[in-house]
Amino acid sequence: MEALSRAYGDEALTAFELEFLSGGDRHRLPLGASWQVSFEAVEPVRPFRWDKDTPGFAGWYYSATTRDHVGYESWLERDRLILLDRDPQVRAISSQPFWLHWHDGRRQRRHAPDYFVRLSEGQARIVDVRTEEDMDQRAREAFAATERACAAVGWQFEWVGRPDPVLIANVRWLARYRRSRSGRPVAVAERLLEVFCEPRGLWEGAELVGDRIQVLPVLFHLLWSGRLETDLSGSLLETGSLVWAKGRRRWAN
């Protein structure tokens, strides 16, 4: 990694290269000449496929944030994608956005990060998904190289593992109601926000608004979007889960 150490800072702009697909054309440019590319709009640099006897499980997830499908190569990546989709700071997501190329002092190396994320104020974040038990020396070196390349151009880098099991179970459920159509009728959504100005149980509040068959999908959509809040990490959602309108938690006992 000695050569990589020398690549930190301004030298990284030429020591690293990004290879990406845009409009069906493949490009490979030094980091300093390509970091301003809109990587949230590029195509994945490798296909998402599932083969028999392979540990991964690839697929496509419809993102309410991007209003398009985003690929994943494992259920662990899919769970992270769901969490990104719900994050209010996230404005765009792309998967496998580029190959990062570098020389580690012994040989040429490359790594395709899992996600490129564009945040609300324009910042970029690179996200790699891997559990600690699945990390080997080669992966650690690749993540270290990616983090150094990101630092050179002012991008954030995040290595994430397995999310809290209660949190992700709840968010997976709410993701069923992520599409905007689940938030209609608007009159039901507005009434729910009024009812939950005072924290109360999920079932109780829904019944105050109307028929649960109509009301609950709207309630879950409001919980997905963050306009209604509840404790998603403490326990699994149930009929008695305390729900409140955003910013009103202080009223609860």
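Note that residues are indexed from 1 along each chain, following the sequence as it is written. Local features in this predicted model are restricted to residues of pLDDT 70 or higher, and side-chain atom pairs are both shown and tallied only at a pLDDT of 80 or more, whereas totals for entire chains, interfaces and linings draw on every residue. Values reported for side chains reflect all heavy atoms of the structure, with hydrogen atoms and water molecules removed beforehand.

Participant: How should the pairing of strand β13 (residues 242-245) be read in this particular structure?
Facilitator: Working note: regular strand, side chains alternate between the two faces of the sheet. When DSSP finds two or more bridges between two strands, those strands count as paired. Under the scheme used here, helices are H or I runs from DSSP no shorter than 4 residues and strands are E runs no shorter than 2 residues, and both carry numbers assigned from the N terminus. Pairing of strand β11 (residues 200-201) with β13 involves two bridges; the strand directions are antiparallel. The partner of Arg200 across the bridge, within β13, is Val243.

Participant: So what exactly am I meant to see when it comes to the sheet that holds strand β9 (residues 124-129) here?
Facilitator: Hydrogen bonding along the main chain pairs the strands of a sheet, whether they run parallel or antiparallel. Pairing is mixed across the open sheet formed by four strands, whose spatial order is β5-β8-β9-β10. Edge positions in the sheet fall to β5 (90-95) and β10 (156-160), since each has one partner strand and no second. Taking the axes of each pair of neighbouring strands and ignoring which way they run, one obtains an average angle of 25 degrees across the sheet. Relative to strand β8 (residues 115-119), β5 runs antiparallel, the two sharing five bridges. An axis is simply a line fitted to the C-alpha atoms; with a helix, the fit covers only the stretch in contact. Between two such axes, the angle follows the N-to-C directions and lies from 0 to 180 degrees.

Participant: Whenever I open this one, helix α7 (residues 186-195) confuses me. Can you help?
Facilitator: Turn by turn, an α-helix covers 3.6 residues, leaving residues three or four places apart pointing in a common direction. A 1.4 Å probe rolled over the protein chains alone gives each residue an accessible area, and that area as a share of the maximum for its type sets the label: buried under 20%, exposed over 50%, partly exposed in between. Within α7, the full set of buried residues consists of Val188, Ala189, Leu192, Leu193 and Val195. Along α7, the residues classed as buried sweep out an arc of 165 degrees about the axis, all on the same side. Along the arc lie the directions from the helix axis toward the C-beta atoms.

Participant: When you look at the packing of aromatic side chains in this model, what are you seeing that I'm missing?
Facilitator: Each aromatic ring pair is summarised here by two numbers: the centre-to-centre distance and the angle between the ring planes. Between the rings of Phe, Tyr and Trp (Trp by its six-membered ring), a pair exists once the centres lie within 6.5 Å; its type follows the angle of the planes, with under 30 degrees stacked, over 60 edge-to-face, and the other angles tilted. Evaluated as defined, the whole model comprises 13 aromatic pairs. Aromatic side chains Phe39 and Trp155 sit 5.9 Å apart centroid to centroid with 80 degrees between the ring planes, which places their arrangement in the edge-to-face category. Of the two residues, Phe39 is situated in the loop between α3 (31-34) and β3 (59-63) and Trp155 in the loop between α5 (137-153) and β10; the sequence distance between them amounts to 116 residues. No difference in accessibility class separates Phe39 from Trp155, as the two residues are buried. Arranged with centres 6.2 Å apart and planes meeting at 65 degrees, the rings of Phe143 and Phe157 form a pair that is edge-to-face. With Phe143 in helix α5 and Phe157 in strand β10, the pair connects residues that are 14 residues apart, well separated along the chain. Residue classification places Phe157 among the buried positions, given a relative accessible area of 19%. Put simply, the rings of Phe20, Phe39, Phe98, Phe116 and Trp155 touch in pairs and so form one group of aromatic residues.

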